[in-house]
Every structure is written in C-alpha cells, then in structure tokens.
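An overview of the molecular structure
Residues per chain, in single letters:
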Amino acid sequence: MDHLVPAGLPAAGVDSPSVLSSLIRHPWHLLALLCLMQILCWTVAPALINVSPPNDVVEGFMWGREWVLLTYKHPQLPAWLLETSHLLTGSFRWPQYLVAQLTISATFVLVYLLARDMLGQRRALAAVLLMPSLYFFGWPTPQFNHDYAQMPFWAAICWLLWRAGRGGGPIWWLALGLVSGVGLYAKFSTGLLLLFGAIWLLSDTRARSRLATPWPWLGLAVFVAVAAPLAIELYRVDFLPLTYAAWRDQWVMAHRSRFYYIGVQTAGLCGFFLVLAISGLLRRSPPPQEPVGRGTLVYLLWMGLGPAILIMVASLFTGTGEAWGAPMYNLAGVVALAFLGHRLGAVEMRKLVICALICIIGISGAYAGIRWTKCNLRGRMDAVCWPAQKISDEAEAVWHAATPGRLDIVGGHNIVAPLAGLNAYDKPSIFTELNMQYAPWITKQRLRDHGILLVWPGRDVPPYLQAWLGKLPVKTVLFDWSLKAAPMAISFAAVPPGAPQLPSVIDSLAQPGN
C-alpha cells in the first residue's frame, strides 16, 4: 500500500498554502466536495430545464406506486426509491435527480474505499477524480433507472469481496451477502459481477482458504435469504424479465450495427483518456520502484474490466443496450492508477481536481443548454419536453367530467398514458400496454368497477383502442411545449364503469390464472 505522500511528490507541493493543495492533503474533504458538486450540478440543471422526467423515470414512478417485487422488465428497487422520494417531497420535478446523484456519489465513496485499501489514499482519490470524465457518470444520469441504481452495488460488492477475501472477519462476509442479494433487486445483471466474484474467490489461493471458515457460508446464506423472494416472484411471473431481455437483444440486433454497443462504450471512454493525457499520467517515466502487487492487479483487471470486456464481445453476437454497461466502468480509474500511479505528483493531482470539476460543471451546464435548445428553439420533441403537469391536469378534468368516481386507471400510448397519471391527484395506476401480464395490479374486476381513461397522441383513434371506445366521446387538446414548434395534440377518452363495450373488451384480455 502506498504511503500518504508517494515517492516523487515534491514536499513544497504538499505544503503549499493554496486551498487546492489543502484539499488534496485531506482526501475525505476533497471527496466530499466532489460529491457535493456532483449532487448540486446534476440535480439543479435537469430540474430547472426538464419539464417532464425522462421516460424511464416516469415509468419508474408509475410502477413504484404499485410496490411490486418485479415487473416484466426488471426488479423494482429503483421504482421503490423513486416512489419514496415522491412520498417524502411531494414532487415529481426534482427528487429523482437527487436520488440519481446520491447513487453516483455513493459509488464515488465506495470506489475510494476499495482503491484506498489497494493503492493508498492519494491514488484512491486520483482514481475517483477520473470518474466524472466517464460518460456514464454524467450525461445519462438524470434518467435514473436500473442501470444507475445498480452502480453503488457493483462498487460495494467489489470492495466487500476484496476485504473479505483478504482475511476480513465475519462482518465483511455477512455484508457481502446482504449487499449482493439487495443488488439483484436493482437489476438482475448484478449477477454477472457475482459470477466474476465467485470465480475469483475460487481461483485466488488466499481468498479460497477463507472457505474453510464458516463466515463465507453464512454470507451465502444471507444472500440466499435476501434473494429468495425475488427468485420466487420470477418463477411466478413465468420468467418474463428474461423474455423481455431476449426481445430487447433481438430488437438491437435488428436495428443497430453489430459494432454499435462497442462504439458507444468506446465513445464513452474518450473523455477518460483525454483527462489522463491532460493530467500528465500518460507521460513516459521510469517504472515504479515498488509496483502494485500481482494479486491486486489481477483482481482489478478481472473485476474492473472483465464484465465490460465480456459484454462487448457478447454484443457482437447478441444485441446489448448501450447503457447496460454503465456500472461496469466503476473501477476504470482504479485500474489506471494501479498502472500509472507512480507518475502521480502534485501537478498531476491538481490537474485531475480541475478536470473533475470542469467535467461536472461543464457537462451539466451543456446538458441544460442542449436540452432547452432542443425543445424550445429547435422544436424537436424529446421525452423531457412533454408538458407532464398539464397533461395530468387535463386527464383528471376529462375523467371527472364524465364520471363521479376517482380516476383509478390510465392506459393507452406507452409514453403519454403514464404522463397522464403521473401528476394526477387521484394517483391512478398505469395499465401498461393494456396487458395484464405486464400490469398484474390491473384485474378484470378492477376494470369493471372503476373503468379506465385512455390517452394517446394525435386526433385519430389508434386501431388497438377502437374496441375500447365504441361510441364514447373523445376530447382532443392542444398543448404548448416549445417556443418554436406547433402545439401537440393529445386525445383523451373516459371509459366509465358500465360502458356497454367494456365487458366484451375486458373478457378478451388474457391473464394467466384469471
């Protein structure tokens, strides 16, 4: 492990009275500042500009109010966090961005803890300072979804496994089991990291010797206990999330280049290598006198790069969503400092601090400017441009004009219908794609008793909704959403309980076991 002041770092650089040098001498203070800037910039910028939450966030909010273990797509820990943020704040405008940045900042801290154990405080801090230059820790983070909810779990698993495998006591194994189990509730792909961790545990002599003690097995028992409800629910829904993943892979293969995923990942790493070059860490220098141990390098390469490389190779044969690799680059900075850390001096450290702050402030500012310009000056519809509050207000007005009961269910277009229910005072449930397998909280009896509000863009009734409407009136409303583009038309139709066509339409819906 490195000393606090690495060899080659000028004493004058450390003793400098500047604020920056003072922060560098106190890694936890600088880490706290980095997290604060990340949270502040990436919460305020999208909250000020985005009129509507991103699509995945709207979906998460609507599913979160149902408190189910999983949907046909994923486990629902992210949706629970979103719903909790709303219950605590009463807002759909900004808490989701705060939740997203809290997970990112937690990832920063956990990566620091792992790197500190392996490389020492200063190199650990430098590794974290590289993280804002990675695409996945900036631009996409306002869309808080499963890819970003699992980030801190990946970092925590890597840290806990290293501590446990290097002779940690029972608390490390128990914590590893708990975090690994909960991580699956963020996204099933956490299992990929667990697989890599299990292989390392069996192949590393020192870590494998720990299997002779009871603690790894107690940790495994904790993991099984935590993950068991999710496994049972997965079986109960006939493994729909796995079917969805296969469908997504097929869609990507049909609509994207075979090298699309690799191209996106490579582009996302460009800023990282640029900051490495600017900081001076890529310059030529003599090899370190005390190189990082072989066991540490093997662990970092295996756990830090192994899953990312495997998915890149797999993407050549099966489609992969571009954001699915988001948590797989948590340790990129740690890997870089393991090889380049002997070049880290006072000047390089200052450059890393400046680059990190520029990345956070600059990219969040660019995000706000580009999003606002795209919606208002270019007139290009994006998910965050939809006037969510106005759509919800109109949805409730249409429903309550047609029937005295509360608005209990909304359905129709897969983007507009969730927006109609998002801010509605009645907090209706979303009938996802009008499919009871995808929305098991909607039953035939509930539809009979409460009816449904159908919502879709445009004036014409889509074919898949015609049987629902019969001769019911349709109200089309124009919504302003841009300074340049024309208003958008959105149509609403209330199908109240007792509508003549409702029984036949409900009976045609397929729901296993109903």
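To be clear, the structure that these remarks concern was listed above.
These numbers were taken from a predicted model, which means no experiment stands behind them. (Residues numbered from 1 in each chain as written. Predicted model: local features only at pLDDT ≥ 70, side-chain atom pairs only at ≥ 80, totals over all residues. Heavy atoms only, no water.)

Moving on to the overall build of the protein. Tallying secondary structure elements over the protein gives 23 helices and five strands in all. At 26 Å, the protein has a C-alpha radius of gyration in line with the 24 Å of a compact globule built from 514 residues. When the backbone C-alpha atoms are referred to their principal axes, the protein occupies close to 85 × 55 × 45 Å. Per-residue burial over the protein gives 55% buried out of 514 residues. If you take every contact in the protein between residues at least 6 apart in sequence, the share linking residues at least 24 apart comes to 77%. Summed over all atoms, the accessible surface of the protein reaches about 21,900 Å², with 66% contributed by carbon and sulfur. Charged side chains in the protein number 37 positive and 26 negative. The centres of these two groups are separated by 9 Å. (Helix = DSSP H or I, 4+ residues; strand = E, 2+ residues; numbered from the N terminus. Rg over C-alpha atoms; globule rule 2.2 N^0.38 Å. Buried < 20%, exposed > 50% of the residue type's maximum accessible area, 1.4 Å probe, protein only. Contact = heavy atoms within 4.5 Å. Areas by Shrake-Rupley, 256 points an atom, 1.4 Å probe, with all protein chains shown as cover. Lys, Arg positive; Asp, Glu negative; His and termini not counted. Charge placed at Lys NZ, Arg CZ, Asp CG, Glu CD.)

We now examine the pattern of salt bridges. This model, assessed by the stated rule, comprises 12 salt bridges. A salt bridge links Arg283 to Glu348; the nearest nitrogen and oxygen atoms lie 3.0 Å apart. Remark: Glu348 occurs in helix 18 (residues 346–376) and Arg283 occurs in the loop between helix 15 (260–279) and helix 16 (294–315); sequence separation between them is 65 residues. In this structure Glu348 comes out as buried when scored by relative accessible area, which is 12%. Between Asp408 and Arg446 there is a salt bridge, and its shortest N-O distance comes to 2.7 Å. One end of the pair, Asp408, is in the loop between helix 19 (388–402) and strand 1 (409–412); the other, Arg446, is in helix 21 (residues 444–450), with 38 residues separating them in the sequence. Judged by its relative accessible area of 18%, Arg446 is buried. Shared partners join several salt bridges into a network, and the residues in it are Arg371, Lys374 and Asp382. (Salt bridge = Lys/Arg side-chain N within 4 Å of Asp/Glu carboxyl O.)

This part takes up the packing of helix 3 (residues 27–49) against helix 7 (residues 121–129). The contact between helix 3 and helix 7 brings their axes to 10 Å, and the two run at 10°. Between helix 3 and helix 7, the angle is such that the two are roughly parallel. Only Gln121, Leu125, Val128 and Leu129 of helix 7 make contact with helix 3, whose side of the interface consists of Pro27, Leu30, Leu31 and Leu34. (Axes fitted to C-alpha atoms, helices over the stretch in contact; angles between N-to-C directions. Parallel < 35°, antiparallel > 145°, perpendicular 65-115°, else oblique.)

Looking now at the sheet that holds strand 5 (residues 488–495). Taken in spatial order, the five strands of this open sheet run 2-1-3-5-4, and their pairing is mixed. Of all the strands in the sheet, the pair left with one neighbour each is strand 2 (429–431) and strand 4 (475–479). Averaged over all neighbouring strand pairs, the angle between strand axes comes to 30°, with direction disregarded. As judged from the three bridges shared by strand 1 and strand 2, these two strands associate in the parallel manner. In the sheet register, Ile409 faces strand 2, and the bridge partner there is Ser429. Of the strands in this sheet, strand 3 (452–457), strand 4 and strand 5 are in contact with helix 19, which crosses strand 5 at around 35°. (Pairing = 2+ DSSP bridges.)

A word on the packing of aromatic side chains. A complete count under the given rule lists 21 aromatic pairs for this structure. Consider the rings of Trp139 and Tyr367, whose centres lie 5.2 Å apart with planes at 70°: the pair is edge-to-face. A residue pair is termed long-range when its members are at least 10 positions apart, and Trp139 in the loop between helix 7 and helix 8 (146–149) and Tyr367 in helix 18 qualify at 228 residues. On the basis of relative accessible area, Tyr367 is assigned to the buried category, the value being 2%. Here Phe196 and Trp302 contribute two aromatic rings whose centre-to-centre distance is 4.6 Å and whose plane-to-plane angle is 45°, an arrangement assigned as tilted. Of the two residues, Phe196 sits in helix 11 (residues 190–203) while Trp302 sits in helix 16, which places them 106 residues apart along the sequence. (Phe/Tyr/Trp six-rings, centres within 6.5 Å; stacked < 30°, edge-to-face > 60°.)

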